[in-house]
Every structure is written in C-alpha cells, then in structure tokens.
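A closer look at the structure
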Amino acid sequence: MKIDVNSDMGEGFGVYQLCDDAALMNVVSSANIACGFHAGDPAIMTRMVKLAKARGVGIGAHPGLPDRQGFGRRELPFSAEEICQQVAYQVGALSAIARVEETRVAHVSFHAAMGNIINRDAALARQVMQTLARIDDSLIVFSQSDTLIERAAIAAGLQSLTLFLADRAYNAQGGLVPRGIAGSVINEELAVRARVRQFLEKGTVTTFEGDTLAIRARSVLIHSDTPGSVELAMLVRSEIEACGGSIAPAAEVLAQ
C-alpha cells in the first residue's frame, strides 16, 4: 500500500527558520507550505516550492490565521467571509509561485486555529470548501477522518486524504489533546515508532486515557516544530517500509 508522509514546512520568516526544511524535504512525500500569514514569506515559499519540485514532493498550501506572534494558534474573531478570503489569498499566492516554477499546488492542509475554527462550524466548512473548489476542483484536502472538514470537502467535489498524527496525543473522542497539557506532543522515538507500527498493523492508536481508538488514514503527519522532527520523519518512513508499504505523494496515494 502507498502511504503519504507529510509535514508543515517553510514556517519561518526572513532569516529565521523553524527547522531544517531542506533535510525534511528529503524524507517526506508531501509538503504543507506556510503561505505568509502565520509564517512564511515569498522568498521562503519560493525556496520550498523549488525544493519540493526537485525532489518529487507533493506541494500543498498550509493556510493559517494572520497571527505571526501567536504562530497561528490563537483563535481570532474573523467572520466566515473573512476566513474564506484568507484561504483564497494564501492558496492563490502559493499557486502563483508554483506556476512561476512550472509546477502546481496539489493539496491544502489547514494550520492550527484556522483548521479548528473551520472544523467546528459545518456552514463555515462548506463555505471554505466551496471556495477551494472554485479555485481548483482538483485540490486534495488533508484532514483527520470523520470530521466536518472531510465531509464538506467531499460534498464540494474535492478529494480528501485523511491523516494520522504520529507526534500528537489523541483523546478518547478522537480529538487532539491540547498542546498545553503535558504529554500532548510525542517526540520520544520509541513511542513514535510504537504508535506508527500500531497504526500500520492494526489501524488503531492508544489514546491519552489508555483506550484503543480506530484510525482511518492514508497519510502520516509529523509537525516540523516537534523537536527532532527530521529524525522522527525518517523513523516514520522506515516503519512504513518495514511493514511493506511505500511512500508516495497524496495524489498517487489516492490514485491507488
């Protein structure tokens, strides 16, 4: 089975860099590129697109709220229309850069608070997905399974690729444990390896509370700001290959 490995990338600004994006680009099959609101700028976006194209990595837009200081993790009071405008602006910016480099944006993965806000409001989710479909109806939307985002994407005629978050703790309801809680971010290699193998072999994850939760996913996400993200992504890739799988960008996974 083909499985995608993706990470959020280009989340710096100017001379500031969050992680070793070039090294991470050697490991992942899809890159979610910050589009200038929560992080990123034209130079970084161009560099990420060039790297992804050179290495055969799927290019994705990673739109977030306009909140550099809070790294897009604070929920700010924007209207539905404003959020749709922000999504269109960011996807459009990265798409233009990709066209200059003679490639294209293949997917969209929402960042932090923007994704949380969309995923709580069915009407907003429909409006955002309709916006994306008008931009490019071949876009693939990354999301967790059985969410408003996934359902709205499919209803809008877009393809959806569901995620397993290897470095984040799940609660019993299938949501993510808030980052402020100890143990919500998992970066110990043995723990990540065990989680990935459990997902690959059994289709489940052990929750924060110790329960077993079914996970339906075709892509594994490692956050670039998780300490040791490059090594963890390599670990994820090796576990997939050890279980007989192969690594491929989102479009190839969905075409299988």
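Okay, so let's go over this structure. Residue positions within a chain follow its written sequence, with the count starting from 1. Since the coordinates come from a predicted model, pLDDT governs what is reported: local features require at least 70, and pairs of side-chain atoms require 80 or more to be given and counted, while whole-chain, interface and lining totals use all residues. Values reported for side chains reflect all heavy atoms of the structure, with hydrogen atoms and water molecules removed beforehand.

1. Some remarks on the overall build of the chain
For clarity, the threshold we go by: Note on conventions: DSSP H or I runs of at least 4 residues are helices, E runs of at least 2 residues are strands, and numbering of each starts at the N terminus. Using a 1.4 Å probe on the protein chains alone, a residue whose accessible area is under 20% of its type maximum counts as buried, one over 50% counts as exposed, and one in between counts as partly exposed. What makes two residues a contact is simply this: any of their non-hydrogen atoms within 4.5 Å. Accessibility throughout is a Shrake-Rupley quantity obtained with a 1.4 Å probe, and a residue counts as covered only by protein chains that appear here. His is not counted, nor are the chain ends; Lys and Arg add positive charge and Asp and Glu add negative charge. For this purpose, a charge sits on NZ of Lys, CZ of Arg, CG of Asp or CD of Glu.
When its secondary structure is counted, the chain shows nine helices and ten strands. Judged by the C-alpha coordinates and their principal axes, the chain covers about 40 × 40 × 35 Å. Taking all 256 residues of the chain together, the buried fraction comes to 53%. Here the contacts in the chain between residues at least 6 apart in sequence split such that 72% fall between residues at least 24 apart. Only carbon and sulfur atoms are counted for the fraction: they give 52% of the accessible area of the chain, which is about 11000 Å². Once the 23 positive and 28 negative side-chain charges of the chain are each reduced to a mean point, those two points are 2 Å apart.

2. What to know about the packing of helix α4 (residues 112-120) against helix α5 (residues 122-135)
Test applied: Only the stretch in contact is used when a helix axis is fitted, and all axes are lines through C-alpha atoms; the angle between N-to-C directions ranges over 0 to 180 degrees. Residues were grouped as follows: Ala, Val, Leu, Ile, Met, Phe, Trp, Tyr, Cys and Pro as nonpolar; Asp, Glu, Lys and Arg as charged; and all remaining residues, including Gly, as polar.
The N-to-C vectors of α4 and α5 enclose an angle of 115 degrees; their axes lie 5 Å apart at closest approach. Packed against α4, whose contacting residues are I117, I118 and R120, the element α5 presents A122, L124, A125, V128 and M129 at the interface. Taken together, the residues of the contact of α4 with α5 break down into seven nonpolar, no polar and one charged.

3. Considerations on helix α2 (residues 42-55)
Filter applied, for reference: A helix is expected to reach a length of 1.5 Å times the quantity of its residues less one. This arc describes the spread of directions from the helix axis toward the C-beta atoms.
Counted at 1.5 Å a residue, the expected span for α2 with its 14 residues is 20 Å, and the 20 Å between its end C-alpha atoms agrees. For α2, the full list of buried residues reads I44, M45, M48, V49, L51 and A52. In a view along the axis of α2, the buried residues occupy a sector of 165 degrees, so they form one face of it. The exposed set on the far side of α2, more than 90 degrees from its buried face, consists of P42, A43 and A54. Looking at the buried positions of α2, the neighbouring elements they touch are β1 (2-9), α1 (21-25), β2 (30-34), β3 (58-62) and α3 (80-100).

4. Things to note about the environment of R195
Here is the rule we go by: We define a polar contact as two N or O atoms separated by no more than 3.5 Å, with the added condition that, inside protein, one atom must be a possible hydrogen donor and the other a possible acceptor, whereas residues neighbouring each other in sequence contribute only through side-chain atom pairs.
Inspection of the secondary structure puts R195 in helix α7 (residues 189-202). Along the chain, R195 and F142 lie 53 residues apart, while their C-alpha atoms are 20 Å from each other. Look past the residues within four positions of R195 in its chain and what remains in contact with it is F164, L165, A166, R168, A169, Y170, I186, V205 and T206. A polar side-chain atom of R195 sits 2.9 Å from the main-chain carbonyl oxygen of A166.

5. Structural notes on the pairing of strand β5 (residues 140-143)
Condition: One bridge is not enough; two strands pair if DSSP finds at least two bridges between them. A crossover gets the label right-handed when its path from the first strand over the helix to the second runs clockwise, viewed with the strands pointing away from the viewer.
Here β5 shows two buried faces, one formed by I140 and F142 and the other by V141 and S143. Direction of pairing for strand β4 (residues 107-108) relative to β5: parallel, over a ladder of two bridges. Within β5, the residue paired with V108 across the bridge is V141. Sheet analysis places β5 next to strand β6 (residues 159-165), joined by four bridges and oriented parallel. Opposite S143, over in β6, you have T162 as the bridge partner. Following the backbone out of β5, through helix α6 (residues 148-155) and into the adjacent parallel β6, one traces a crossover that is right-handed.

6. Points about the environment of V28
Mapping V28 onto the fold places it in the loop between α1 and β2. Taking the C-alpha atoms as reference, V28 lies 5.4 Å from N6; in sequence the two are 22 residues apart. Beyond its immediate stretch of four places on either side in the chain, V28 contacts V5, N6, S7, M9, V57 and R237.

7. Quick notes on the nonpolar core
Our working rule: Among buried residues, the Ala, Val, Leu, Ile, Met, Phe, Trp, Tyr and Cys ones that are joined through side-chain atoms within 4.5 Å form a nonpolar core.
Ranked by size, the top nonpolar core spans 78 residues in total, and within it F110, I118, M129, L132 and F164 carry the most contacts. With seven residues, the single largest contributor to this core is α3. Aside from chain neighbours lying at most four places away, what touches M129 is F110, I118, V141, I149, A152, A153, A156 and L158.

8. Brief notes about the side chain of T226
Tracing the sequence through the fold places T226 in the loop between β9 (219-221) and α8 (229-242). Side chain to side chain, T226 and D167 meet in a polar contact 2.7 Å long. Residues within four places of T226 in sequence aside, it is in contact with D167, V185, I186, N187 and L232.

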